[in-house]
Amino acid sequence: MGYLVRRLEFFLVTLWAALTLNFILPRLLPGGPEVALRTRFHGRVSPGTIKSLEVALGIHTQQGQLQQYLEYLGNLLHGDLGVSLGFYPERVTQVIMVALPWTLGLVGMATVIAFVLGTLIGIFGAWRRGGLLDSVLPPVFVVISAFPYFWVGLICILLFSITLGWFPQAFGSSSEVTSELSLPYVLDVLWHSILPAFTIVLTSIGGWILTMRNNMITTLAEDYIRMARAKGLSPTRIMFQYAARNAILPNLVGFAMSLGFVISGALLVEIVFNYPGLGTFLLQAVNNEDFSLMQGLFLLITVAVLLAVVAADFLTAWLDPRTRERA
Amino acid sequence: MKRRGVVSIGLLVLVTVLAAACGSPSSSTGTPLKGGTLTIDNESGTLWNCGFNPFNGNVSFLAFGPVYEPLVYDNLLNDRKVPMLASSYKWSSDSKSLTFTIRSGVKWSDGQPFTAADVVYTFKLIKSNNALDLQSVWSVLSDVSQQGSDQVVMTFQSPAVPYFYYIANQQPIVPEHVWSKISDPVAEKNDIPVGTGPFMVKAGGCTPQNISYTRNPNYWQSGQPYLDKVNYPAFTDNDPANQYLASGQAQWGGQFIPNIDSYYVKKDKANNHYWFPPIQNVNIFLNHTVRPFDNKLVRQAIAYGVDRPKVSKIGEYGYQPPGSQTGIVIPTFNDWYDSSQAQKYSYKFDPAKAQQLLQQAGFSKGSDGIFKDASGKRLSFTIYSISGYTDWTASLQVVQDNLKQAGIEIKEQDLSHDDYFNHLFVGDFQMAYGSLSTSPGPNPYYELRNTLYSQTSAPIGQTAAGDYGRWTDAQTDKLIERFGATTDSAEQHSLMKQIEGIMLEQVPVIPVTESVAWYQYSTKGFAGWPTPSDPYAAPAPWNIPDWEQVMLRVHKT
């Protein structure tokens, strides 16, 4: 119990620090919302117009920094992230809600698939160490995981969509299908997600295979495995119930954390495939100097990662009593 | 590089011409066929938020033209005017009042009739909500009122003939019966716009990834538009957009494509075409408050010290042509170009002449080949550019090499887009490479006014709308003011020649290349495109409202 409380305290302090950094960082960028606004309108519009727009956008350039900071914290408590400069009059929360399902769907599913596949390959590879599976897959995927996402994505587009024409080369769905939730729409979205998801799985699976395989090998050398064999238990039972169950611990923690990073989207994959997810919006916010959207997205990413870290801590504590004892 | 087009030109506006107005499209295939879906390919850098408020600077480029129309379309490339919502217009003899006759028989897309009252309402609306006055028309207007049943009279504070372009061509007209019920027009999203234009956006017609513009069956130009639908997918990056275009999934592009001949044209030689009409200068801006740029001989030396054709070829793949020291964008505005004056000065790359001018100005050549003034201060300057504009960096490397031969050292420093313009606006720079942040217009006056007119400038430290270099010259100001006060084309041409004379003799800025409207089009299944022989509109999908003219005339074959 004391362990959990300490982890929660740590979480709150880190969260506060992250929120504060999130407030400061955009203000350190050259320019600023009012400069961005001025250049956006080519310096042509009158000062009166600029002032009216500033009021509409909620940019209070006359306010002191401390006052802005307090207001920012207060608004956060109410879940108010302000108005997006680039998507005016839309609110930042509305913009994020549009992109969130796409990223959760694509990157989330791809992460789960990569984890499950990678872990299974790791288990089987270690079980038959030196076998065909073990000598081919882990090295191949480890090499591929060293390739940059976007490069693999571009190769996939060139091969599977431009040359072979099997899959669409961009977008999350085709323009001819309405966005109502219907079977054709769902199929269309799935069809569009295959190539980007394949790219993510291909480049991230190597890490899961490697850690799982190594943990398995260590575990298989334990005395209790030899004991289980001596008892004449079935190999499948030993592989999953005795070895994998213990070896998967570090991988599960890594998985919980990688789910936190899902929110930040596979930025480059989304850009290469012109996918309407959070990564695309983040790039756009930075390009457009859309400060409120930038802050909103960074906040979301930070909180997601922090929550994932805490979840991973709890998971470890629950699965591995040694952690609790040490604490 | 493409981003430059979008940022600096994309939000501008323009116009086109005509035959469309009388409903007789020029087509070699006879009567245009109806139907078909056209797809636009333009990296706008943003996903759509599905708002179509034409007064919102973020989205007006999606609403103004095919949905909300201007009073008169004024072709950015040649100043030819096509009556749209106004069937005619007339200036008073003192050029201080402008009367539009409003077209009858036009209906809003919800079936209500369009009237002169809607026009008056629109102008009053942007006056009372000045956040909507994106063209600053109320900086020159004093009143807008209805006269009789179908006329609208605009009165000006002083003669402002060139403002016709902003008032008639750049101002979308909205329906009073809809907008008068909107409590906050600034924060209005306008997801189902009601306009007079040839296309509509219906409920469900827009997603963050695509806008479907569907034909307005009750459009006032009978028989038009020919297309059933125009799709506008959202691209946030150049590469996917270029691939989409090259693979034939889109037919109308506004993209910068490196090696366009092999990447795009070669994919379908019979049908894939491009045309890049120049529309604005890319200059070396000099800060006239910084020594020795207050010396005419130094400015002339720099003008002789730049190899424009080489910059165009190496820095811009030859897609952007070399600029002219007259300030006239050629060949687009050939009509205004005074070749005899230009020949007299002959600003070709001539380092010997540049060195001679520097000596004449009292500078002496140092041992490192760079000139120095009497106190020993070297002619070494920092030139600002925009980070990410790789073509400008390549161009500046050529310029740097050229000027070194002329005895002047320049060092490039890249700033972010907004930071760069902020430095220019407040006059905090020595030299800068780039274009005005304001849009060009249908003749050279618009760009030259914003480049040279001291009334658009401001003291160092304050925000200037134009004339970033703080060029202050009574003669220049007088010529620009006289140009703005006359509707007589012959007089305008004669005044422009004198402005060109100042550009050549005084060299207030140094045009190096000319930025272009990126435009690709496929004739596979579609015809009616703007071409060099039929330049009925500035052709890029981001030329606003010109793109309406293209959407009116393109048809399937």
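Residues numbered from 1 in each chain as written. Chains lettered and ligands numbered in written order. Predicted model: local features only at pLDDT ≥ 70, side-chain atom pairs only at ≥ 80, totals over all residues.

**Student:** Whenever I open this one, the overall build of chain B confuses me. Can you help?
**Tutor:** Per the secondary structure count, chain B includes 17 helices and 23 strands. Here the C-alpha radius of gyration of chain B, 24 Å, is about what a compact globule of 557 residues would show, namely 24 Å. Considered along the principal axes of its C-alpha atoms, chain B spans approximately 75 × 55 × 40 Å. Out of the 557 residues in chain B, the part that is buried amounts to 56%. (Helix = DSSP H or I, 4+ residues; strand = E, 2+ residues; numbered from the N terminus. Rg over C-alpha atoms; globule rule 2.2 N^0.38 Å. Buried ≥ 20, exposed ≤ 12 C-beta atoms within 10 Å, placed from the backbone.)

**Student:** Hey, could you run me through the domain arrangement of chain B in this one?
**Tutor:** The accessible area lost on association of the parts is a frequent measure of interface size. Residue and element names in this part refer to chain B. Examined at the domain level, chain B breaks down into domain 1 (9-194 + 517-556) and domain 2 (280-516). The C-alpha centroid of domain 2 is placed 33 Å from the C-alpha centroid of domain 1. Taken together, the contact pairs 20 residues of domain 1 with 13 residues of domain 2. Split into classes, the residues belonging to the side of domain 1 that touches domain 2 amount to 15 nonpolar, three polar and two charged. (Domains from an automatic or database assignment. Contact = placed C-beta atoms within 7 Å. Nonpolar A, V, L, I, M, F, W, Y, C, P; charged D, E, K, R; others polar.)

**Student:** What am I meant to see in the pairing of strand β20 (residues 509-516) of chain B here?
**Tutor:** On a regular strand, one side chain projects to one face of the sheet and the next to the other, so that they alternate. Residue and element names in this part refer to chain B. Burial runs high along β20: eight of the eight residues are buried. Direction of pairing for strand β14 (residues 278-286) relative to β20: antiparallel, over a ladder of seven bridges. Bridge pairing in β20 links proline 278 to valine 516. (Pairing = 2+ DSSP bridges.)

**Student:** Looking at this model, I keep getting lost on the environment of tryptophan 208 of chain A. Mind explaining?
**Tutor:** Tracing the sequence through the fold places tryptophan 208 of chain A in helix α8 (residues 183-220). Under the C-beta neighbour-count criterion, tryptophan 208 of chain A is labelled buried, with 25 such atoms within 10 Å.

**Student:** I tried to follow the nonpolar core on my own but got confused; where do I start?
**Tutor:** Taken as a class, soluble globular proteins show a tendency for nonpolar side chains to be buried jointly. Ranked by internal contacts, the top residues of the largest apolar core, which has 176 residues, are Phe281 and Leu297 of chain A. If you tally residues by element for this core, the top one is helix α5 (residues 92-127) of chain A, at 15 residues. Each of two domains, domain 1 (9-194 + 517-556) and domain 2 (280-516) of chain B, supplies a minimum of three residues to this core. When neighbours within four sequence positions are excluded, leucine 297 of chain A is seen to be in contact with Ile96, Leu278, Phe281, Leu282 and Ala285 of chain A. Phe285, Val298, Tyr304 and Leu358 of chain B belong to the second largest nonpolar core, which has 46 residues in total. (Core = buried A, V, L, I, M, F, W, Y, C linked by C-beta atoms within 7 Å.)

**Student:** Whenever I open this one, the sheet that holds β14 of chain B confuses me. Can you help?
**Tutor:** Each strand in a sheet pairs with another by means of backbone hydrogen bonds, the pair being arranged parallel or else antiparallel. All names here are of chain B. Here five strands make up an open sheet; going across it, the order is β18-β17-β19-β14-β20 and the pairing mixed. Both outer strands of the open sheet, β18 (409-415) and β20, are each paired with one neighbouring strand and no more. Between one strand and the next, the sheet's axes are offset by a mean angle of 25°, whatever the strand orientation. Where strand β17 (residues 380-386) meets β18, seven bridges bridge the pair, whose relative direction is parallel. Residue isoleucine 383 lies in a different strand from β18, and its bridge partner there is glutamate 412. Of the strands in this sheet, β14, β17, β18 and β19 (431-434) are in contact with helix α13 (residues 417-426), which crosses β17 at around 130°. (Axes fitted to C-alpha atoms, helices over the stretch in contact; angles between N-to-C directions.)

**Student:** Which parts of the structure should I look at to understand the environment of valine 112 of chain A?
**Tutor:** Residues and elements named next belong to chain A. Among the secondary structure elements, valine 112 is positioned in helix α5. For valine 112, a count of 15 C-beta atoms within 10 Å puts it in the partly exposed group. Taking the C-alpha atoms as reference points, valine 112 and phenylalanine 255, separated by 143 residues in sequence, lie 8.3 Å from one another.

**Student:** Help me out: how do you make sense of the pairing of strand β6 (residues 141-147) of chain B in this one?
**Tutor:** Residue and element names in this part refer to chain B. As defined by bridge partners, β6 adjoins strand β7 (residues 151-156) across six bridges and the pair is classed as antiparallel. Residue pairing for β7: valine 144 is matched across the bridge by methionine 154. The turn linking β6 back onto β7 is made up of three residues, and glycine 148 within it adopts a positive phi angle of 65°.

**Student:** Would you mind going over unusual backbone geometry with me for this structure?
**Tutor:** Note: most peptide bonds trans; most residues except glycine with negative phi. Residues and elements named next belong to chain B. Residues glutamine 224 and proline 225 are joined by a peptide bond in cis, for which omega reads -5°. You can see proline 225 is positioned in the loop between β10 (210-215) and β11 (229-233). That bond from isoleucine 544 to proline 545 is cis: its omega, 0°, falls within 30 degrees of zero. Along the chain, proline 545 turns up in the loop between β22 (526-527) and α17 (546-553). Even without being a glycine, serine 95 presents a positive backbone phi close to 60°. Residue position: serine 95 is located in the loop between β4 (86-91) and β5 (97-102).

**Student:** What exactly am I supposed to notice about the sheet that holds β7 of chain B here?
**Tutor:** Residues and elements named next belong to chain B. One open sheet accounts for four strands, arranged β4-β5-β7-β6; its pairing is antiparallel. Only two strands of the sheet have a single partner each, and these edge strands are β4 and β6. Taken over all neighbouring pairs, the strand axes of this sheet differ in orientation by 20° on average, direction set aside.

**Student:** Hey, could you run me through helix α3 (residues 116-128) of chain B in this one?
**Tutor:** In an α-helix, one full turn covers 3.6 residues, which means residues spaced three or four apart are oriented alike. Here α3 of chain B spans 19 Å end to end across 13 residues, near enough to the 18 Å set by a 1.5 Å rise per residue. The secondary structure elements touched by the buried residues of α3 of chain B are β5, β6, β7 and α5 (176-179) of chain B. (Expected span 1.5 Å × (residues − 1).)

**Student:** Help me out: how do you make sense of the packing of helix α8 (residues 296-304) of chain B against helix α11 (residues 351-360) of chain B in this one?
**Tutor:** Residue and element names in this part refer to chain B. Between α8 and α11, the least distance of the axes is 8 Å, while the angle of their chain directions is 170°. In terms of their interaxial angle, α8 and α11 are classed as roughly antiparallel. Residues Leu297, Val298, Gln300, Ala301 and Tyr304 of α8 lie in contact with α11, whose contacting residues are Lys353, Ala354, Leu357, Leu358 and Gln360. (Parallel < 35°, antiparallel > 145°, perpendicular 65-115°, else oblique.)

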